[in-house]
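# Remarks on the overall topology
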Amino acid sequence: MSKVKVGLIGSQFGATLHIEAFAKVPDAEVVAAASPTRAHVEEFTRQHGIPDAYTDYHQLLARADIELVCISVPNYLHCKIVEEAAAAGKHIVVEKPLAMNLEEADRMIEACRKAGVLLLYAECLLFAPKYVRAKKLVDEGGIGRPYWLRQYEKHWGPHSDWFWDVDRSGGGAMFDMGCHGFEFARWVFGKPKVKSVTATCGTYVHTARTRADDYAVFMVEFEGGQMAQVEDSWSKPGGIEDCAEIFGTEGVIYCDVVLGSAMQVYSRTGFGYAVEKAETTKGWSHTIFEENWQYGYPQEMQHFVDCVRGKATPIETAEDGRLVLEVMFAAYESAATGRRIDFPYRPAYPNRPIESWLKSKEPQSRK
């Protein structure tokens, strides 16, 4: 059987994770990448041995041999590219969050339904080996009935500048990483319906760089009575933390994605994916090895290829991604109003998740 031909749209951090993941998927082949800056995409394809580079992603979509397109671009571009990829008959992997708002999510889902293509929502934590093992222990009854889950992810902030710009990202630390924590909790609990969301957030460190939140905590109550607490930070120096705690009636699980697969490093100069990241890695830090595998990207892409082949049913769908997006809207609105948001729920400010929180910070005369 021939390999599934893959095209990447994007050539920065997210696309790097994807190409490194596909290198470990034997029945897939990345044949092209597209990104608007010629020098950058040509260097990206040269470095990773990708045959073709385009500055116009429409040229990539026009190729008959490409079956699967992976989109890792700023959030505000997701909807447009997904609709065009669906019209071109491509199966699609889209990075979290699914879209900027629920209207866009519905358009994307409908476009892919009409075209008869898969819209695969990339949630890597559902494939991270330690988290997969934790889920298996829960499913086996190892800790009795699970009732409380805490997941937290903390670091010094994103790799790319666009994350800090709410017009292009739609939110801050809560939107960027809360997607992971919420959907991991929901998955562990068996994907029950959401009952309510309560949140708080603020900009404590990066006030000169962004209007978005750089620290956030939100709570989700599910209809089955389970509770999830998700904590996210762009303001924690010294390396990443990514942990989960799962409490059940007969036991507890503590799971750390990073420690146990990390090295202690002291650097006078700093290091990282880009020069601007070096400042955050000066001094002592812990550095992950086999990071791509520990976060489940190869396993995720293998699953997506199996779905394209018809050998697997997606464990995460675009509808899952839409619900994640809805919870993000509710979390920001809770942080803005200081009250619990009950479901079913309709956002007061539907254009982007962070809008309600930004409005709450404006002087009264401007509202």
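Further up the page is the structure itself.
Thresholds, definitions, all that
Residues numbered from 1 in each chain as written. Predicted model: local features only at pLDDT ≥ 70, side-chain atom pairs only at ≥ 80, totals over all residues. Heavy atoms only, no water. Helix = DSSP H or I, 4+ residues; strand = E, 2+ residues; numbered from the N terminus. Rg over C-alpha atoms; globule rule 2.2 N^0.38 Å. Buried < 20%, exposed > 50% of the residue type's maximum accessible area, 1.4 Å probe, protein only. Phe/Tyr/Trp six-rings, centres within 6.5 Å; stacked < 30°, edge-to-face > 60°. Lys NZ or Arg CZ within 6 Å of the ring centre and 35° of its normal. Salt bridge = Lys/Arg side-chain N within 4 Å of Asp/Glu carboxyl O. Polar contact = N/O pair within 3.5 Å; in protein donor to acceptor, adjacent residues only side chain to side chain. Contact = heavy atoms within 4.5 Å. Arc of directions from axis to C-beta. Pairing = 2+ DSSP bridges. Axes fitted to C-alpha atoms, helices over the stretch in contact; angles between N-to-C directions. Core = buried A, V, L, I, M, F, W, Y, C linked by side-chain atoms within 4.5 Å.

### Focus: the overall build of the protein chain
In terms of helices and strands, the protein chain carries 12 helices and 15 strands. What you see for the protein chain is a C-alpha radius of gyration of 20 Å, in line with the 21 Å of a compact globule of 367 residues. The principal-axis extent of the C-alpha atoms belonging to the protein chain is close to 55 × 50 × 50 Å. Expressed as a percentage of the 367 residues in the protein chain, the buried residues total 58%.

### Focus on the packing of aromatic side chains
The full count for this structure, using the stated rule, is 9 aromatic pairs. Ring centres of W162 and F163 lie 3.9 Å apart, and the angle between their planes is 20°; this geometry places the pair in the stacked category. For the ring pair F189 and F222, a centre distance of 5.7 Å and an interplane angle of 70° mean the geometry is edge-to-face. With F189 in the loop between α8 (173-188) and β8 (194-202) and F222 in strand β9 (residues 215-222), this pair connects stretches of sequence that are 33 residues apart. Take F189 and F222: they sit in the same class, and that class is buried. Through successive ring pairs, a cluster of aromatic residues spans Y131, F184 and W187. Here the basic side chain of K154 rests over the ring of Y152, its NZ or CZ set 5.0 Å away from the ring centre.

### Some details on the pattern of salt bridges
Throughout the structure, instances matching the rule amount to 32 salt bridges. A salt bridge links E231 to K154; the shortest N-O distance between them is 3.3 Å. Highlighted residues: E231 in strand β10 (residues 227-233) and K154 in strand β7 (residues 146-154), separated in sequence by 77 residues. Judged on exposure class, the residue E231 and its partner K154 are both buried. Ionic pairing is found between K191 and E316, a salt bridge with its closest N-O pair at 2.8 Å. Of this pair, K191 sits in the loop between α8 and β8 while E316 is found in the loop between α10 (297-309) and α11 (318-337), placing the two residues 125 residues apart along the sequence.

### Here we look at the side chain of Q299
Take Q299: it is sitting in helix α10. A polar contact of 3.3 Å, which involves the side chain of Q299, links it to the backbone oxygen of W293. What Q299 contacts, discounting residues up to four positions off in sequence, is F127, P129 and W293.

### Some words on helix α4 (residues 78-87)
Along an α-helix, residues three or four apart share an orientation, since each turn contains 3.6 residues. Within α4 the residues assigned to the buried category are H78, C79, I81, V82, A85 and A86. The buried residues of α4 all sit within an arc of 170° when viewed along its axis, so they share a single face. Of the surrounding elements, those touching the buried residues of α4 are β1 (4-9), α3 (57-61), β4 (68-71), β5 (91-95), α5 (102-115) and β6 (119-122).

### Focus: the sheet that holds β4
Taken in spatial order, the 6 strands of this open sheet run β3-β2-β1-β4-β5-β6, and their pairing is parallel. Each of the sheet's edge strands pairs with one partner strand only, and the pair in question is β3 (52-54) and β6. Adjacent strand axes in the sheet meet at a mean angle of 25°, parallel and antiparallel pairs treated alike. Along the sheet, α4 contacts β1, β4, β5 and β6; its crossing angle with β5, the most-contacted strand, is approximately 170°.

### Considering the nonpolar core
Of all hydrophobic cores here, the largest spans 113 residues; its most connected members are L8, F22, L119, F218 and V327. Per element, the largest residue contribution to this core is 11 residues, and it comes from α11. Each residue touching L8, except ones within four places of it in the same chain, is listed here: A15, H18, I19, F22, V30, A32, A33, A34, F44, I50, L60 and C70. Judged by nonpolar contacts, the second largest core, of 6 residues, contains W162, F163, W164 and M177.

### Considering unusual backbone geometry
The peptide bond linking K96 to P97 adopts the cis configuration, its omega dihedral lying at -10°. With an omega of 0°, the peptide bond between F343 and P344 qualifies as cis. By the secondary structure assignment, P344 is in the loop between β15 (341-342) and α12 (355-361). With phi around 60°, K191 is a residue other than glycine that occupies positive phi space. Residue K191 is classed as partly exposed on the basis of its relative accessible area of 26%.

### Comments concerning helix α2 (residues 38-48)
The complete set of buried residues in α2 reads V41, F44 and T45. Projected down its long axis, α2 shows its buried positions confined to an angular sector of 90°, all on one face. Away from the buried face of α2 by more than 90 degrees, exposed residues A39, R46 and Q47 are located. Tucked into the core, α2 has its buried residues touching β1, α1 (13-22), β2 (28-34) and β3. Of the residues trailing α2, G49 is marked for its positive phi of about 70°.

### Topic: the side chain of S235
Along the polypeptide, S235 turns up in the loop between β10 and β11 (241-248). Here D214 takes part through its backbone oxygen, which lies 3.4 Å from a polar atom of the side chain of S235.

### Section: the environment of V94
Among the structural elements, V94 can be located in strand β5. The buried category is assigned to V94, whose relative accessible area is 0%. Sequence separation between V94 and Y121 is 27 residues, and the spatial gap between their C-alpha atoms is 5.5 Å. What V94 contacts, discounting residues up to four positions off in sequence, is I71, H78, V82, L119, L120, Y121 and A122.

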